[in-house]
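Breakdown of the fold
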Amino acid sequence: MKKYLLLFCMMALVQMGFAGTVPAIDHNVSGDSVVVEFGKSGRIVIIVDNKDDFEKLKLMNINQIIRELDLEEDEIDGTTTIVEIKKKDGTSKQVVKVREDGAETEVYIGGMRLLVDETGENTKVRFEPGLKRRSDPPFRTYFNLDLGVNNYLENGKFPTSDKPYSVKGWGSWNVGANWMAAQRISKGFYWDFGLGFQFYNFKFENRDFQAVRGDEAISFDQRSDVNGFKSKISASYITAMTMLELDFGKMKDNGKRGLRVAAGPYAGYRLGGQSKYVYRELGGSGRSKDKQATGLYLQNFRYGVRGELGVGRVKFFTTYDLNELFQEGKGPELNPITFGIVF
């Protein structure tokens, strides 16, 4: 199979050598052509439009090129570089590369990819024209969205259902919009940092309790005079964050197919906060809303740690506030925690 791959590579090199002057090729061989036939059906067609190109062709010796190829295989990943072009600045451009992994062989030629699979009884060959390998810029900026569910811990545990401020997971949303930047430190290792806006929503499991702003602290009053439909506390923050990220896919040249992990601190400043209670009068119809600015007793600053885990194109995140949601002595001792997905 390697002989056929080498022959394919040589055909591609000849084609690339005359790419600037070769017209579109159809199935009919023109008069200004050189046809090399081999085997029962093998054929190489070289189209020459002018005399100068024909003189260049006479100087080429494919057999000599094959004999003089100095193939050095990388014993670590099985990669063999066949042809490289040296530039004036000392850098090199890869033209042909062969990568072997057991019974699978990949050939990259310019923007094309040839895959030969010999794992089964029959050999499978797949050709992908115009394959472009994405580059990994040293610095980039991007925008992402967080969508998660909120809760909080009290003395290291989630509040039980008998507590008036116990949270209902469905409806306690966390929505965030972040503008981020990533600085590549080394291959697969990045420093991520950015600024974002986060909206916290804590929906109470017991909708008969309303968060009320008292003179000294926040209180949770049970409403027996109305039928409660919804009770919650919300707060918004502007947040700065920074993380160190390891991308194992980039380390192994697998793109986004690898595992990605990131972790780091964040700090935010509160923009607003309130409680909302939706109810209906006993024996009445229609719903009413009661909003109170309980933000007076929420912490103005928040700080904590954020972690991210990416698998393929899916990325999950979690955050945990190291300081409490309410000011000291103004409410229960609760540390917010969030789980969600990054878009």
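Report follows, based on the coordinates. (Residues numbered from 1 in each chain as written. Predicted model: local features only at pLDDT ≥ 70, side-chain atom pairs only at ≥ 80, totals over all residues. Heavy atoms only, no water.)

1. Quick look at the overall build of the chain
Secondary structure assignment for the chain yields four helices and 19 strands. Out of the 343 residues in the chain, the part that is buried amounts to 37%. Within the chain, residue pairs in contact and separated by at least 24 positions form 58% of the contacts whose partners lie at least 6 positions apart. Roughly 21100 Å² of accessible area belongs to the chain as shown, and the carbon and sulfur atoms make up 54% of that amount. (Helix = DSSP H or I, 4+ residues; strand = E, 2+ residues; numbered from the N terminus. Buried < 20%, exposed > 50% of the residue type's maximum accessible area, 1.4 Å probe, protein only. Contact = heavy atoms within 4.5 Å. Areas by Shrake-Rupley, 256 points an atom, 1.4 Å probe, with all protein chains shown as cover.)

2. Concerning the nonpolar core
Tyr152, Phe204, Ile218, Phe220, Ile233, Leu325 and Phe326 are the most contacted members of the largest nonpolar core, which totals 18 residues. Counting residues per element, the ones that place at least two in this core are β11 (189-203), β12 (209-213), β13 (218-222) and β14 (226-247). Take this core: its biggest share by element is three residues, from β14. Residues within four places of Phe204 in sequence aside, it is in contact with Tyr152, Pro164, Tyr165, Ser166, Lys168, Phe209, Ala211, Phe220, Ser231, Lys232 and Ile233. Counting residues in hydrophobic clusters, the runner-up holds seven residues, among them Tyr142, Ala182, Met243 and Tyr266. (Core = buried A, V, L, I, M, F, W, Y, C linked by side-chain atoms within 4.5 Å.)

3. Examining the side chain of Asp192
Among the structural elements, Asp192 can be located in strand β11. An unpaired buried charge is present at Asp192: no salt bridge exists, and Lys315, the closest side chain of opposite charge, is 5.9 Å distant. Apart from residues lying up to four places away in sequence, Asp192 is in contact with Tyr142, Met180, Ala181, Ala182, Met241, Thr242, Met243 and Glu245. (Lys, Arg positive; Asp, Glu negative; His and termini not counted. Salt bridge = Lys/Arg side-chain N within 4 Å of Asp/Glu carboxyl O.)

4. Let's talk about the pattern of salt bridges
Tallied over the full model, the rule gives six salt bridges. Ionic pairing is found between Asp321 and Arg302, a salt bridge with its closest N-O pair at 3.0 Å. Of the two residues, Asp321 is situated in strand β18 (residues 314-321) and Arg302 in strand β17 (residues 301-311); the sequence distance between them amounts to 19 residues. Like Asp321, the residue Arg302 is buried in the burial classification. Note that Glu308 is salt-bridged to Arg306, the shortest N-O span being 3.0 Å.

5. Some thoughts on the environment of Tyr279
As for its position among the elements, Tyr279 is in strand β15 (residues 259-281). On the accessibility criterion, Tyr279 (13% relative accessible area) is buried. Linking Tyr279 and Asp208, residues 71 residues apart in sequence, is a C-alpha distance of 8.9 Å. Those residues in contact with Tyr279 that sit more than four places away from it in its chain are Val226, Asn227, Gly228, Phe229, Gly286, Arg287, Ser288, Lys289 and Asp290.

6. What about empty space enclosed by the protein?
Following the criterion strictly, the structure yields three cavities of 30 Å³ or more and no others. What the largest cavity holds in volume is close to 90 Å³. For the largest cavity, the full set of lining residues is Asp146, Asn174, Gln198, Tyr200, Thr239, Met241, Tyr266, Arg302, Arg306, Phe317 and Thr319. Contributing elements (two or more residues each) for the lining of the largest cavity: β11, β14, β17 and β18. Counted by class, the lining of the largest cavity contains four nonpolar, four polar and three charged residues. (1 Å grid on protein atoms, 1.4 Å probe; cavity = no way out; pocket = protein on both sides within 12 Å on 5 of 7 lines; lining within 4 Å. Points joined across faces, edges and corners; volume = space filled by probe spheres on them. Nonpolar A, V, L, I, M, F, W, Y, C, P; charged D, E, K, R; others polar.)

7. Structural notes on the pairing of β11
As paired strands, strand β10 (residues 173-186) and β11 are joined by twelve bridges and run antiparallel to one another. Counterpart to Ala181 in the pairing with β11 is Phe193. Linking β10 back to β11 in an antiparallel pair, the connection comprises two residues, with Gly188 at a positive phi of about 80°. Alignment of β11 against β14, held across 15 bridges, turns out to be antiparallel. (Pairing = 2+ DSSP bridges.)

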